[in-house]
Amino acid sequence: METHKKLTIGLFGFGVVGEGLYKVLQQTPSLNACIKKVCIKQANKERNAPASLFTTEKKDLLFDPEINVIVEVIDDADAAFEIVTIALHNGKAVVSASKKMIAEHLPEILQMQKETDLPFLCEAAACASIPVIRNLEEYYDNDLLHSIKAIVNGSTNFILTKMFEDKLDFNESLLLAKQLGFAESNPKLDVEGYDAVNKWAILLNHAYGIVEHPDNILFTGIQNIQLTDALVAKEKGLDIKLIAQAKKLKNGKVAAFVLPQFIQNGDPLSFVKNEYNGVVIESGFADKQFFYGKGAGSFPTASAVLSDISALRYNYKYEYKKLYHHIPHELTNEFYVKVYVSFDDWKFIPRDKFEWIEEWHAVAERKYLIGVLPVQELKQHTWWKENQTSLILTADPIIDNLDIINLKKRSLELAGII
Ligand code: HSE
């Protein structure tokens, strides 16, 4: 039987995740993994570990021949990319939790793995404690993966829960998310959807073999959601969540985005509260499967890093099967979405851009409509995130191009227009 390799770790970062990992590793001696050095930015900060463990010199880790694993959990994406590059080129396996860095440098990271044949594992970079990357890599065949719908950002889910269920205001909720170690050091990344779309770019790669820069994926965050939207949702028996979604269309291409969405009571994602994340995968024959777990925080994130470290003992690597062994999928913006839009004044809404509008409420101070838009309109214009306009997708939002004519006819008939 193969004996497990001894892992000598160089750790970059001793913040929420780094310190969590240090503690978790102390409680798992059977792993045969030890941290030899930790590289930090600020030398004079008080740390809960022996001073001899720390250095501010990257080279003490990256060029130490005894260190065979670099674990990188810092939040400076540029510095993280440099560390990963040097580590792989120096023959060290890498475990990373830097979602922004990975999403923005996916082609280079793929290339380096090919060139060096070394593992680069990043389970903690998406949905923290939920083992979603390895499941997408190993379990779901390309052809059978119909759709994925997920809550991938813990902080925004925490804020929405605190605001709409516990009646805290936005700033109080955000402050709590920061204090509990869920939010990014720049919380705009959470609130405005950047963190979620970075994670989505990573998951699209493992799910469908798509290599796309996050800038090319349609997204926004929760910054425009109004209290009146929550009242409308409540009236209709719905929740509002920030949802990342991808679905294979009839032409074989993939529709993908990260946008606020109404979720029906009883949908598995409606049970995902606070900092938890959830992923619903729909695949041929198996139908729906639901993954649920903590998506942010010290120990949940450290547990994913720990699992990657453990996988290195048997030389586990991602094979990127969907990218290299199947025909990878392509993203498309050729589809429609059914949206709810609330606004202060009709002048902010380009009504002629809607394929059809099937409901409108124009009497109250805050007005809203429900209608169908081509996704290109949302990709090319920004009216839907300006002037306090709030756009929320309806519960089953994606309309295939091939279905639009029939659906439009049926909707106009129902409204008594034709
Ligand atoms: N800020 C991130 C979140 C941390 O709230 O989901 C976990 O990636």
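Everything discussed here concerns the structure shown above.
A quick note: this is a predicted structure, and the numbers were derived from the prediction, not measured.

Novice: How would you summarise the overall build of the protein if you had to cite specific residues and measurements?
Specialist: Within the protein, the secondary structure is distributed over 15 helices and 16 strands. Taking 418 residues into account, the globule formula puts the C-alpha radius of gyration at 22 Å, and the protein, at 23 Å, falls close to it. Across its three principal directions, the C-alpha atoms of the protein cover 75 × 45 × 35 Å. Relative to its 418 residues, the protein shows a buried fraction of 56%. A separation threshold of at least 6 residues defines the contact pool for the protein, and within that pool the share at least 24 residues apart is 72%. Summed over its atoms, the accessible surface of the protein is roughly 18,600 Å², and 51% of this surface lies on carbon and sulfur atoms. Positive and negative side-chain charges of the protein, numbering 46 and 55 respectively, have mean locations separated by a distance of 2 Å.

Novice: How would you summarise the pattern of salt bridges if you had to cite specific residues and measurements?
Specialist: In this structure the tally under the stated criterion is 26 salt bridges. The closest approach of N and O atoms between E275 and K294, which form a salt bridge, is 3.9 Å. With E275 in the loop between β10 (254-264) and β11 (276-283) and K294 in strand β12 (residues 287-294), this pair connects stretches of sequence that are 19 residues apart. The exposure class of K294 is partly exposed, given its relative accessible area of 32%. The partner of E413 in a salt bridge is K409, and the shortest N-O contact between them spans 3.8 Å.

Novice: Got a sec to walk through the site of the ligand? Specific residues and values, please.
Specialist: Taken together, K99, N153, G154, S155, F182, A183, E184, D190, D195, K199, G295 and A296 make up all the residues around the ligand. At 2.7 Å from an oxygen atom of the ligand is found a main-chain nitrogen or oxygen belonging to G154. Between the ligand and K199, the relevant distance is 2.9 Å, taken from an oxygen atom to a side-chain nitrogen or oxygen of the residue. Within the residue set of the shell around the ligand, elements represented by two or more residues are α7 (154-164) and α10 (194-208). Looking at the shell around the ligand, its residues break down into 3 nonpolar, 4 polar and 5 charged.

Novice: Explain the sheet that holds strand β3 (residues 54-55) residue by residue, including any values.
Specialist: Spatially, 6 strands are ordered β3-β2-β1-β4-β5-β6 in an open sheet, and the strand pairing comes out parallel. This sheet does not close on itself; its edge strands, each paired only once, are β3 and β6 (120-121). In the packing of helix α3 (residues 77-89) onto the sheet, contacts are made with β1 (7-12), β4 (69-72), β5 (93-96) and β6, and the angle to β4 comes to roughly 170°. Most of the contacts of helix α12 (residues 298-312) go to β5, to which it runs at about 165°, and overall it touches β1, β2 (33-39), β4, β5 and β6.

Novice: Kindly report on the packing of aromatic side chains, identifying the contributing residues and their values.
Specialist: Scanning the model with the defined rule gives 15 aromatic pairs in all. Taking the centre distance of 6.0 Å and the plane angle of 40° together, the rings of F290 and Y292 count as tilted. Y292 sits in the partly exposed class, given a relative accessible area of 44%. Summarising the aromatic geometry, the rings of Y318 and Y320 are spaced 5.8 Å apart at their centres and angled 85° between planes, so their arrangement reads as edge-to-face. The pair formed by Y318 and Y320 is uniform in burial state, with each residue classed as buried. Stacked on the ring of Y316, the Lys or Arg R134 has its end atom at 5.4 Å from the ring centre. Its end group placed over the ring of W346, R351 keeps NZ or CZ at 4.2 Å from the ring centre.

Novice: Lay out α3 with the relevant residues and their values.
Specialist: Relative to the 18 Å expected for 13 residues at 1.5 Å per residue, α3 spans 18 Å between its end C-alpha atoms, a close match to the ideal helical length. Taken together, the buried positions of α3 are occupied by A77, A80, F81, I83, V84, A87 and L88. Taken down its axis, α3 places every buried residue within 160° of arc, on the same side. For α3, the N-terminal capping position is held by D76, with its side-chain oxygen 3.1 Å away from the main-chain nitrogen of D78. Among the residues trailing α3, G91 stands out with phi positive, at a value near 80°.

Novice: Now, about unusual backbone geometry: what can you tell me, with residues and values included?
Specialist: Apart from glycine, the bulk of residues carry a negative phi angle, and the bulk of peptide bonds sit in the trans form. Despite not being glycine, N274 shows a phi value in the positive range, around 50°. When you line up the elements, N274 lands in the loop between β10 and β11. Residue N274 is classed as partly exposed on the basis of its relative accessible area of 21%.

Novice: Requested: an account of the packing of helix α1 (residues 16-26) against α12, with residues and values cited.
Specialist: At a minimum axis separation of 8 Å, α1 and α12 run at an interaxial angle of 60°. Like other packed secondary-structure pairs, α1 and α12 cross with a definite hand, here right-handed. For the pair formed by α1 and α12, the contact residues are V16, V17, G20, L21, K23, V24 and L25 on the first element and S298, F299, T301, A302, V305, L306 and I309 on the second. A class-by-class count of the residues in the contact of α1 with α12 yields 10 nonpolar, 3 polar and 1 charged.

Novice: A description of the environment of M163 should follow, citing residues and the corresponding values.
Specialist: Residue placement: M163 occurs in helix α7. Sequence separation between M163 and Y276 is 113 residues, and the spatial gap between their C-alpha atoms is 16 Å. Excluding anything up to four places from it in sequence, M163 contacts L168, D169, F170 and S173.

Novice: If you had to explain the environment of P397 to someone new, which residues and values would you point to?
Specialist: Within the secondary structure, P397 is located in strand β16 (residues 390-400). As for P397 and Q245, which are separated by 152 residues in sequence, their C-alpha atoms are 10.0 Å apart. Once residues within four sequence positions are removed from consideration, P397 is found in contact with Q245, F257, Q261, Y336, V337 and K338.

Calculation rules
Throughout this document, residue positions are counted from 1 along each chain, in the order its sequence is written. At least 70 in pLDDT is required for a residue's local features to be given in this predicted model, at least 80 for side-chain atom pairs to be given and counted, and no such filter applies to totals for whole chains, interfaces and linings, which use all residues. Note that water and hydrogens are dropped before the side-chain values are worked out from all heavy atoms of the structure. Secondary structure elements follow DSSP: runs of H or I of four or more residues count as helices, runs of E of two or more count as strands, with numbering from the N terminus. Here the globule rule reads 2.2 Å times residues to the power 0.38, and the radius of gyration is calculated from C-alpha atoms. Any residue under 20% of the maximum accessible area for its type is buried, any over 50% is exposed, and the rest in between are partly exposed; the area is computed with a 1.4 Å probe on protein chains only. Only heavy atoms matter for contacts: two residues are in contact if any of them lie within 4.5 Å across the pair. With residues, only the protein chains shown are counted as cover, and all accessible areas are computed by Shrake-Rupley using a 1.4 Å probe. Positive charges come from Lys and Arg alone, negative charges from Asp and Glu alone, with His and the N- and C-terminal ends not counted. Where a charge lies is defined by one atom per residue type: Lys uses NZ, Arg uses CZ, Asp uses CG and Glu uses CD. By definition, a salt bridge exists where a carboxyl oxygen of Asp or Glu is found within 4 Å of a side-chain nitrogen of Lys or Arg. Near is defined per residue: the residue qualifies when any heavy atom it owns lies within 4 Å of the molecule or strand. In protein, a polar contact means a hydrogen-donor-capable atom and an acceptor-capable atom, both N or O and within 3.5 Å, with residues adjacent in sequence counting only if both atoms are side-chain atoms; elsewhere, any N or O pair within 3.5 Å suffices. Put simply, Ala, Val, Leu, Ile, Met, Phe, Trp, Tyr, Cys and Pro go in the nonpolar bin, Asp, Glu, Lys and Arg in the charged bin, and everything else, Gly too, in the polar bin. Any two strands between which DSSP finds at least two bridges are classified as paired. Note on geometry: axes are lines fitted to C-alpha atoms, helical ones only across the stretch in contact, with angles between N-to-C directions running from 0 to 180 degrees. Any pair of Phe, Tyr and Trp rings, taking the six-membered ring for Trp, is counted once the centres come within 6.5 Å. Such a pair is stacked with planes under 30 degrees apart, edge-to-face with planes over 60 apart, and tilted for the rest. Charges are assigned to positions over rings by a cutoff of 6 Å between ring centre and Lys NZ or Arg CZ, combined with an angular limit of 35 degrees from the ring normal. Helix span, as expected, comes to 1.5 Å for every residue beyond the first. In this description, one arc is meant: the one made by directions from the helix axis to the C-beta atoms. It is the rotation of the near helix from the far one that decides the hand of a crossing: anticlockwise by less than a right angle makes it left-handed, clockwise makes it right-handed.

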